[in-house]
Amino acid sequence: MNRREILKAAAMLPLSSAAVNALSDPARAQAAYPTRNITMIVPFPAGGQADLAARPVALALEKILGKPVIVDNRAGGGGGSVGNAAAARAEPDGYTLLMTLSSLAVLPEADRLFDRPVAYEVSQFAPIARVLADPTLLAVPASAPWKTLQEFVDDAKKRPGQIPYGSSGPYGTLHVAMEMFAASAGIKLLHVPFRGAAPALTALLTGTVQAMASAPGTLKQQVDDGKMRVLANWGAERVASFPDLPTFKELGYKDVEFYIWAGLFAQAALPGPLMTRLREAMAQAVKAPEVTRTFETAGSPVAYLDAPEFAKFVEADSARLIAAVKKIGKVE
């Protein structure tokens, strides 16, 4: 009997009762979720804000769901578009999740701005839970000559386009934050995009770039170690981890406000029972002592929102960021 005949004969065999039940009753199959490993895509290299959010949460979810949750750092495309698009295309079966940042809504608009094919749409995703939400901070190397924001602005005005700053990619969160500030201050800076916040942070430490917007959690240790200093805070209020750092609004930049949040998403077509299971698991995960301890140590306390509240938050924040991108226009 050749291979084709063997396959044909196998196809004629009756299905087991378990297989029949699984095929005829999708709800029963969903109730068993998960039965295998779960992948959590992070569309940035290790070491950035999305990665900081993903790893403690993935470990907590493993204990709650009983299956490994594997963090997959899938960087590329500028600002996280490659990883976001991969998650959008994945099967809506609960086995491919996405831990991403506020740039999720910005990147499709940037594609449209440059008349490029849109890699994905925000409508392809269903928010599960917000994990972190921090204002960005303006950081410079400890060796930099600027001790205050005013000194930085004065120097930038004398040398338009000569002070390099790093970002996680074109129209990513860090790029939009810096261009928002530059437009308000009436200065021109030199944008140097990287594949994620972690490589940009390394470039700042080595002096390849001279400024960077980043979340408190990724900056705190470097500042505490005396390797960097921070000049201003994009938030409406001062942050607990940097209580002496003034906000841009305090310094006279009334329209400069920006937050970098991290949240977990699935595909919009994810079945309701699976969404409920993941929401319940996330509500437990963010309360796990090891999760709260990790985030608090990093200076980024848990900022949990369940799916309904997170969806409203994403809609409002995305509208504000898209408006900022349109105002900034085409920049490199």
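Whatever comes next refers back to the structure up there.
Everything in this summary refers to the structure shown in the same document. Note that the structure is a prediction, hence the values are computed from the model and not measured.

Rules used throughout
- Each chain carries its own residue numbering, running from 1 in the direction its sequence is written.
- Local features in this predicted model are restricted to residues whose pLDDT is 70 or higher, and side-chain atom pairs enter the listing and the counts only when it is 80 or higher, whereas totals over whole chains, interfaces and linings include all residues.
- Working from all heavy atoms in the structure, the side-chain values ignore hydrogens and water.
- A run of DSSP states H or I qualifies as a helix once it reaches four residues; a run of E qualifies as a strand once it reaches two. Both are numbered from the N-terminal end.
- Contacts are residue-level and defined by heavy atoms, with any inter-residue pair within 4.5 Å sufficient.
- Method for areas: the Shrake-Rupley scheme with a 1.4 Å probe, in which residue coverage is limited to the protein chains shown.
- Accessible area is worked out with a 1.4 Å probe on protein chains only. A residue is then buried under 20% of its type maximum, exposed over 50%, and partly exposed in between.
- Regarding the arc, it is the one traced by the directions from the helix axis to the C-beta atoms.
- Strand pairing requires that DSSP identify at least two bridges connecting the strands.
- To define axes, lines are fitted to C-alpha atoms, for helices over the stretch in contact only, and angles between the resulting N-to-C directions are given on a 0 to 180 degree scale.
- Only the six-membered ring of Trp is used, alongside the rings of Phe and Tyr, when aromatic pairs are assigned; centres must lie within 6.5 Å, and planes under 30 degrees apart are stacked while those over 60 apart are edge-to-face, with the rest tilted.
- By convention in these notes, a salt bridge is any Lys or Arg side-chain nitrogen within 4 Å of a carboxyl oxygen on Asp or Glu.
- Only buried residues count toward a nonpolar core, which is a set of Ala, Val, Leu, Ile, Met, Phe, Trp, Tyr and Cys residues joined through side-chain atoms within 4.5 Å.

A word on the overall build of the protein chain
So, point 1. Counting its secondary structure elements, the protein chain contains 13 helices and 11 strands.
So, point 2. Counting contacts in the protein chain only where the partners sit at least 6 residues apart, residues at least 24 apart contribute 76% of the total.
So, point 3. Accessible surface for the protein chain amounts to roughly 14,800 Å². Of this, 55% is attributable to carbon and sulfur atoms.

A few points about the side chain of T247
So, point 1. Here T247 shows up in the loop between β9 (228-233) and β10 (259-267).
So, point 2. Note on T247: relative accessible area 1%, which makes it buried.
So, point 3. Apart from residues lying up to four places away in sequence, T247 is in contact with N233, G235, A236, E237 and R238.

Some remarks on helix α7 (residues 149-158)
So, point 1. Burial in α7 covers these residues: L149, F152, V153, D155 and A156. The buried residues of α7 all sit within an arc of 165° when viewed along its axis, so they share a single face.
So, point 2. In this structure, the buried residues of α7 make contact with β5 (137-141), α8 (173-185), β8 (211-214) and β9.

Focus: unusual backbone geometry
Residues apart from glycine generally show negative phi values, whereas peptide bonds are mostly found in trans.
So, point 1. Cis geometry marks the peptide bond from Y33 to P34, where omega comes out at -5°.
So, point 2. Summarising the element assignment, P34 is placed in the loop between α3 (26-31) and β1 (38-42).
So, point 3. A positive phi angle, near 60°, is found at D115, a position not held by glycine.
So, point 4. Checked against the element boundaries, D115 lands in the loop between α6 (106-113) and β4 (125-135).
So, point 5. The backbone of Y171 shows a phi angle near 65°, a positive value even though the residue is not glycine.
So, point 6. Secondary-structure assignment places Y171 in the loop between β6 (164-167) and α8.
So, point 7. The exposure class assigned to Y171 is buried, which follows from its relative accessible area of 2%.

Focus: the side chain of T136
So, point 1. Tracing the chain through its elements places T136 in the loop between β4 and β5.
So, point 2. For T136, the contacting residues outside a window of four places in its chain are L174, A177, A213, S214, A232, N233, W234, F258 and I260.

Topic: the sheet that holds β5
Each strand in a sheet pairs with another by means of backbone hydrogen bonds, the pair being arranged parallel or else antiparallel.
So, point 1. If you walk across this open sheet you meet the 5 strands as β7-β6-β8-β5-β9, and the pairing is mixed. The sheet is open, and its two edges are formed by β7 (190-193) and β9, each paired on a single side. For this sheet the average axis-to-axis angle between neighbouring strands, irrespective of direction, equals 30°.
So, point 2. Pairing analysis gives 3 bridges linking β5 to β8, with the strands arranged antiparallel.

Here we look at the packing of aromatic side chains
So, point 1. All chains considered together, the criterion is met by 15 aromatic pairs.
So, point 2. Centroid distance F152 to F181: 6.2 Å. Interplanar angle 35°. Geometry classified as tilted. Of this pair, F152 sits in helix α7 while F181 sits in helix α8, and the two are 29 residues apart along the sequence.
So, point 3. Residue classification places F152 among the buried residues on the basis of a relative accessible area of 0%.
So, point 4. The class for F181 is buried, based on a relative accessible area of 0%.
So, point 5. Here the aromatic rings of F248 and Y253 are separated by 6.0 Å at their centres, their planes lie at 80°, and the arrangement is edge-to-face. The pair formed by F248 and Y253 is uniform in burial state, with each residue classed as buried.
So, point 6. Cluster of aromatic residues (ring-pair linked, three or more members): Y120, F125, W261, F265, F310 and F313.

Comments concerning the pattern of salt bridges
So, point 1. Under the defined criterion, the tally for this structure stands at 13 salt bridges.
So, point 2. Of the charged contacts, one joins D224 and K220 as a salt bridge, the two residues approaching to 3.4 Å between their closest N and O atoms. Of this pair, D224 and K220 both sit in helix α10 (residues 216-224), 4 residues apart, which is roughly one turn of that helix.
So, point 3. Between R238 and E250 there is a salt bridge, with the nearest N and O atoms lying 2.8 Å from each other. Of the two residues, R238 sits in the loop between β9 and β10 while E250 sits in the loop between β9 and β10, which places them 12 residues apart along the sequence.
So, point 4. Residues joined in a network through salt bridges with shared partners are E109, R112 and E121.

Re the nonpolar core
Nonpolar side chains in soluble globular proteins tend to be buried together.
So, point 1. Counting residues in hydrophobic clusters, the biggest one holds 59 residues, and the most contacted among them are M40, L61, M99, I128 and M282.
So, point 2. Sorting elements by how many residues they give to this core places helix α4 (residues 49-65) first, with 9 residues.
So, point 3. Setting aside residues up to four positions removed in sequence, M99 forms contacts with M40, I41, V42, P43, A50, A53, A54, V57, V131, A262, G263 and L264.
So, point 4. Within the second largest apolar cluster, 49 residues are counted, among which are V140, Y171, F181 and L189.

What about the sheet that holds β4?
So, point 1. Strand order in the open sheet formed by 6 strands is β2-β1-β3-β10-β4-β11, and the pairing between neighbours is mixed. Only two strands of the sheet have a single partner each, and these edge strands are β2 (69-73) and β11 (305-306).
So, point 2. Looking at chain direction, β4 and β11 are connected through 2 bridges and run antiparallel. Paired with R130 across the two strands is L305, which belongs to β11.
So, point 3. Seen against the sheet, helix α5 (residues 81-89) touches β1, β3 (96-101), β4 and β10 and runs at an angle of roughly 150° to β3.

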